[in-house]
Amino acid sequence: MVGNTGNGALVQVRGLKKYFPITRGVVFSRHVGDIKAVDDVSFDIYQGETLGLVGESGCGKTTAGRTIIQLYRPTAGEVYYDGQDLTRMRGNDLRHMRRRMQIIFQDPYASLNPRLTVGSIVGEPLEIHRVARGKELRERVEELLQLVGLNPYFINRYPHEFSGGQRQRIGVARALALEPDFIVCDEPISALDVSIQAQIVNLLEELQEKLGLTYLFIAHDLSMVRHISDRVAVMYLGKIVELSNSDELYENPLHPYTKALLSAVPIPDPVVEEKRQRIILEGDVPSPANPPPGCNFNTRCPVVMDVCSEEEPKFVEIEPGHFCACHLMQSQ
Amino acid sequence: MANLLEIRDLKTQFFTQDGVVHAVNGISYDLQEGECLGIVGESGCGKSVSVLSVMRLIPDPPGKIVGGEINFRGRNLRQLSEEEMRHVRGAEMAMVFQEPMTSLNPVLTIGFQIVEALKLHQGMNTKEARERAAELLAMVGIPQAADRLDDYPHQFSGGMRQRVMIAMALSCSPSLLIADEPTTALDVTIQAQIVDLVKRLRDKLGMAVIWITHDLGVIARLAERVIVMYAGYIVEEAEVKELYGYPRHPYTIGLLGSLPRLDVRIDAKLTSVRGQPPDLVYLPPGCPFAPRCDYSAERCESEMPSLEAVGVGHKVACWEKDKTEGVRPYGR
């Protein structure tokens, strides 16, 4: 599998699982099943890169992002951050590590406390970690606002006074406050208008260059992911089905799901669209509480074989740096 | 071919506590029988309000159509009584909304909701209407259609619900189908299913379609002609290939430049449109895009340009349109 240490990986995810229990009964709650939101995923995130994580809604990409930075504790598996296993850490040790990994949330309307000023929102992490206080704190917050392209003069305003794009900038400033190395960007642009999306993506790219950040960029917009990512992982029903550098993935997809997903994305060019062949997938994604046996894509796969419903395909390296979990690849 | 719909100088405003919201500010366009027209724009540009005005579904108060004509097959819909309008809606023009869960009644079965329209508009009896409803569900690709008539909306997935909505809209064979962002809430693989379904049904039934979206990709696949709206004005109108190949309004150029593409990698930064859309209560006296425009001149600040022809079927509302000739959006 992916090499273990000394390969420039900042984050190493190994066999990560996150199950949410389904319970029945009010007084005596019985455990009757699990939603397998993330089901045994392994990958590395290299220092300074952007890893795109794509998939349809409900595929577990957000849960994966949150479990990696321990906002959810995993059901099984390990997450090594700079060689240290985050899943074994508790209390102060973990809090200390949190300074180095931050998250930008999807909805800039729900992720900012409406009762706090921008200054308190961006300054809160600095206070909690006792990095700065008083005049120094204020100066640092002003510096951060400037860094994300907001006027430092806005420091005493409340979130409702800002537009969606500006709020997302506040979210970015908050994530940057503790000078982290690693940021999970959880669909940071999907709630924004098209012309504003490009502003935020350009900002994230500039900050990465300036500060040497590492991103896990979670999104369902495959065009934007191609633009921003160095490597891309495709998730389906809790599992990673394909992982590769982004040009390779988009030009030479191996997994039937990746192929179908890519062909479903419309290209804003009517001349190209006229000639494109589309693979239309039948049906809907099965429930993660009751995934089909074998390969979990076998219910919708256009090239399904007998073995697919019997055995789960292994996630293996087909070409250097190009991983795929499909029986079709392994039989060749 | 004859014009099905002629909109002339349509103005719709909302009278709220904060002031008058100028949602639609004098737009005019034609739609031919059987044509597919795309209306693109960002949230709050008036695209939904403009078609809700056509259907006369603007909530009054606070909204009101304050001027203009809506000629549908030679009749001005603004002069019809509410009773007459009810016969037009559903039978001659029908609408599919963005969020299928909120537009279906959760406590009534799917069959009941389709049958209701058929009995009302077509005068069918229950048995005939149920047979027709099953046919319609089969036509939009719902498996075991006859058995699913007695299911409730929550028993369908998002994509299936949107199919039910389309079946319902098509129940009385309207000559105009208005689709208001019908795929925005859906995943890309499901979106591809719905877009292809509408395309197929249009070819089969010969109805005209107005498809509203903020997604320039979907429009490239579907529409024959495109209208670009900004702050309640039509800023550009052209045949689909003309618009994507030779956009002339700085806003259209900016929008196309801010879209990454799946099929080519653009290494440079996306060209974002700076700033944000204006507040529709306090519209600037001149061109509403002027504060964000790279081509803005003195006249743009004071006077709104009218929509003028720059080619066959290509119209643009811009004072500086001579300067944008030959300008290519980034990456094209």
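Remember, predicted model here, so these are calculated numbers, not experimental data.

Quick notes on the rules
Residues numbered from 1 in each chain as written. Chains lettered and ligands numbered in written order. Predicted model: local features only at pLDDT ≥ 70, side-chain atom pairs only at ≥ 80, totals over all residues. Helix = DSSP H or I, 4+ residues; strand = E, 2+ residues; numbered from the N terminus. Rg over C-alpha atoms; globule rule 2.2 N^0.38 Å. Buried ≥ 20, exposed ≤ 12 C-beta atoms within 10 Å, placed from the backbone. Contact = placed C-beta atoms within 7 Å. Nonpolar A, V, L, I, M, F, W, Y, C, P; charged D, E, K, R; others polar. Core = buried A, V, L, I, M, F, W, Y, C linked by C-beta atoms within 7 Å. Expected span 1.5 Å × (residues − 1). Pairing = 2+ DSSP bridges. Axes fitted to C-alpha atoms, helices over the stretch in contact; angles between N-to-C directions.

## Overview of the overall build of chain A
Part 1 of the reasoning: From N to C terminus, chain A includes eleven helices and twelve strands.
Part 2 of the reasoning: The globule rule puts the C-alpha radius of gyration for 332 residues at 20 Å, and the 21 Å found for chain A is close to it.
Part 3 of the reasoning: Expressed along its principal axes, the backbone C-alpha trace of chain A runs to roughly 70 × 60 × 45 Å.
Part 4 of the reasoning: Burial analysis of chain A (332 residues in total) assigns 45% to the buried set.
Part 5 of the reasoning: In chain A, once contacts between residues fewer than 6 apart in sequence are set aside, the share between residues at least 24 apart is 63%.

## Notes on the interface of chain B and chain A
Part 1 of the reasoning: Each partner contributes to the interface: chain B provides 36 residues, whereas chain A provides 39 residues.
Part 2 of the reasoning: If you list the elements that add at least two residues to the side of chain B that touches chain A, you get helix H8 (188-205), helix H9 (216-222), helix H10 (240-245) and helix H11 (250-257) of chain B.
Part 3 of the reasoning: Among the elements that take part in the side of chain B that touches chain A, H8(B) stands out by supplying six residues, more than any other.
Part 4 of the reasoning: Looking at the side of chain B that touches chain A residue by residue, the class counts come to 15 nonpolar, twelve polar and nine charged.

## As for the nonpolar core
Part 1 of the reasoning: Core analysis: the largest hydrophobic core is formed by 193 residues, its most contacted members being A:Leu216, A:Phe217, A:Val234 and B:Val235.
Part 2 of the reasoning: It is helix H7 (residues 158-170) of chain B that provides the largest number of residues to this core, a total of eight residues.
Part 3 of the reasoning: What B:Val235 contacts, discounting residues up to four positions off in sequence, is B:Val228, B:Met229, B:Tyr230, B:His249, B:Tyr251, B:Phe289, B:Val316 and B:Ala317.

## Considerations on H8(B)
Part 1 of the reasoning: Between its first and last C-alpha atoms H8(B) spans 25 Å; for 18 residues at 1.5 Å apiece the expected length is 26 Å, and the two agree.
Part 2 of the reasoning: Burial in H8(B) covers these residues: B:Val188, B:Thr189, B:Ile190, B:Gln191, B:Ala192, B:Gln193, B:Ile194, B:Val195 and B:Val198.
Part 3 of the reasoning: Summarising the contacts, the buried residues of H8(B) are in contact with helix H9 (256-264) of chain A together with H7, strand S7 (176-180), strand S8 (208-213) and H9 of chain B.
Part 4 of the reasoning: Count one or two residues on from H8(B) and you reach B:Gly206, which has phi positive near 70°.

## What to know about the sheet that holds strand S10 (residues 233-239) of chain B
Residue and element names in this part refer to chain B.
Part 1 of the reasoning: A sheet is described by the order of its strands in space; here eight strands give the open sequence S6-S7-S8-S3-S9-S10-S12-S11, paired in mixed fashion. The two strands at the open ends of the sheet, each matched to only one other strand, are strand S6 (93-96) and strand S11 (308-311). Adjacent strand axes in the sheet meet at a mean angle of 20° when their direction is disregarded.
Part 2 of the reasoning: Bridge count for S7 against S8 is five bridges, and the pairing is parallel. Following the sheet pairing, Leu176 is matched in S8 by Ala208.
Part 3 of the reasoning: With respect to the sheet, helix H1 (residues 47-54) is in contact with strand S3 (36-40), S7, S8 and strand S9 (225-230), its orientation differing from that of S8 by roughly 150°.
Part 4 of the reasoning: Contacts from H7 reach S6 and S7 within the one sheet, and its direction differs from that of S6 by about 170°.

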